Amino acid sequence: MDSVQADAYLRRIGAERPALPTADALRELQLRHLLTVPFENLSIHLGEEVVLEEKQLLDKVVRARRGGFCYELNGAFGALLAELGFEVTLLAARVYGEGERLGIPFDHLALRVRTPDGGDWLVDVGFGANSHYPLAFGERGEQVDPAGTFRLAEAAADPAGVRGGTAGSGDLDVLRDGTPQYRLELRPRVLEDCVSGAWWHSTSPVSHFTRSLVCSRVTDEGGRITLSGRKLTITAADGKKQGLDLATDEEVLAAYRERFGIVLERVPAVGRAGS
């Protein structure tokens, strides 16, 4: 990414170029991203290929003003942060599912971001309802965020016997309000490592992404707005929900356009990707 592309990205999220890559600048950039770039899996149901290469990610997020899922959002955001002077490391994770079972390898992608002022942060703009602000990577106590109370904990042994480690070589569990969200590996990765995970999530009949539609972002009030199929849900900052069923394709397309800034020619539907 060059400076021209970075400036276009910053305009996309409504942020100013920071004078220095500080922790405060990182907080502002993460929140602006969550407010403007939705977490969405529409490409899977529109027959669009998910390509994990920087140019294609920037074309989708910046030029086409779309969102994406974890590999796309954190991949693009990580490239922006690196251009702005932050030290960025890509980290793979496995998401906790039903019964706290861990998902596939490269199930998720997150960012470890270091700042010249000594900060070391977990940054994630690609996990749906996640923290609004970066989490201190070395902190093991509770971290209060508008989205909940988070904690990074050394992981207990998984079924293969892999444990978290105090030497920085093990895994960390990311918990939200006491519930484990994903298990983070500390080994640095590159975006190409995630191709198999993106392919699985885009094609497997047991992937929740192939079985459902989602488009979601943080609201200015600190809540969340989500469109899942024809169901629009507005969640207030205090957790109260208001749901609205959209009756026609025109209403669905208008919701994508007006609520998320996504202009579509047709309504995506599960099982209709090639139509």
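Residues numbered from 1 in each chain as written. Predicted model: local features only at pLDDT ≥ 70, side-chain atom pairs only at ≥ 80, totals over all residues. Heavy atoms only, no water.

A. A look at the overall build of the protein. The helix and strand tally for the protein stands at eight helices and 13 strands. Taking 2.2 N^0.38 as the reference for a compact globule, 275 residues should give roughly 19 Å; the C-alpha atoms of the protein span a radius of gyration of 18 Å, in line with that estimate. Out of the 275 residues in the protein, the part that is buried amounts to 52%. Long-range pairs, those at least 24 residues apart, make up 54% of the contacts in the protein between residues at least 6 apart in sequence. Surface accessibility of the protein: about 12,900 Å² in total, with carbon and sulfur atoms responsible for 50%. (Helix = DSSP H or I, 4+ residues; strand = E, 2+ residues; numbered from the N terminus. Rg over C-alpha atoms; globule rule 2.2 N^0.38 Å. Buried < 20%, exposed > 50% of the residue type's maximum accessible area, 1.4 Å probe, protein only. Contact = heavy atoms within 4.5 Å. Areas by Shrake-Rupley, 256 points an atom, 1.4 Å probe, with all protein chains shown as cover.)

B. Highlighting the pairing of strand β11 (residues 224-228). Within β11, four of the five residues are buried, leaving the element largely enclosed by the surrounding structure. By the bridge criterion, four bridges tie strand β10 (residues 215-218) to β11 in an arrangement that is antiparallel. Bridged to Val218 within β11 is Arg224. Hairpin connection from β10 to β11: five residues lie between these consecutive antiparallel strands, with Gly222 at a positive phi of about 95°. Pairing of β11 with strand β12 (residues 231-235), which is carried by five bridges, proceeds in the antiparallel orientation. Counterpart to Ile225 in the pairing with β12 is Ile234. (Pairing = 2+ DSSP bridges.)

C. Helix α5 (residues 70-83), seen in detail. Relative to the 20 Å expected for 14 residues at 1.5 Å per residue, α5 spans 20 Å between its end C-alpha atoms, a close match to the ideal helical length. Here α5 lies mainly inside the structure; 12 of its 14 residues are buried. Within the sequence span of α5, burial applies to Cys70, Tyr71, Glu72, Leu73, Asn74, Gly75, Ala76, Phe77, Gly78, Ala79, Leu80 and Leu81. One or two positions beyond α5, positive phi appears at Gly85, with a value near 105°. (Expected span 1.5 Å × (residues − 1).)

D. Structural detail: the packing of helix α4 (residues 54-63) against α5. Direction vectors running N to C along α4 and α5 enclose 100°, while the axes themselves pass 9 Å from each other. Considering their axes alone, α4 and α5 lie roughly perpendicular with respect to each other. Facing Glu54, Leu57, Lys60 and Val61 of α4, the residues of α5 in contact are Tyr71, Glu72, Gly75, Ala76 and Ala79. Residue composition of the contact of α4 with α5, by class: five nonpolar, one polar and three charged. (Axes fitted to C-alpha atoms, helices over the stretch in contact; angles between N-to-C directions. Parallel < 35°, antiparallel > 145°, perpendicular 65-115°, else oblique. Nonpolar A, V, L, I, M, F, W, Y, C, P; charged D, E, K, R; others polar.)

E. Molecular detail of helix α2 (residues 23-36). Here α2 is 14 residues long and its end C-alpha atoms lie 20 Å apart, about the 20 Å a rise of 1.5 Å per residue gives. Within α2, 10 of the 14 residues are buried, which leaves it mostly tucked inside the rest of the structure. If you check which residues of α2 are buried, you get Ala23, Ala25, Leu26, Leu29, Gln30, Leu31, His33, Leu34, Leu35 and Thr36. On its buried face, α2 is in contact with α1 (3-13), α5, β3 (108-114), β4 (120-123) and β10.

F. Broad picture of the pattern of salt bridges. Here the structure, examined in full by the defined rule, presents 14 salt bridges. A salt bridge links Asp59 to Arg63; the nearest nitrogen and oxygen atoms lie 3.9 Å apart. Here Arg63 and Asp59 lie together in helix α4, a separation of four residues that amounts to about one turn. By relative accessible area, Arg63 is classed as exposed at 64%. With a shortest N-O distance of 3.8 Å, Arg257 and Glu258 are connected by a salt bridge. Residue Glu258 is classed as exposed on the basis of its relative accessible area of 62%. Through salt bridges with shared partners, a single network forms among Glu87, Arg112, Arg114 and Asp120. (Salt bridge = Lys/Arg side-chain N within 4 Å of Asp/Glu carboxyl O.)

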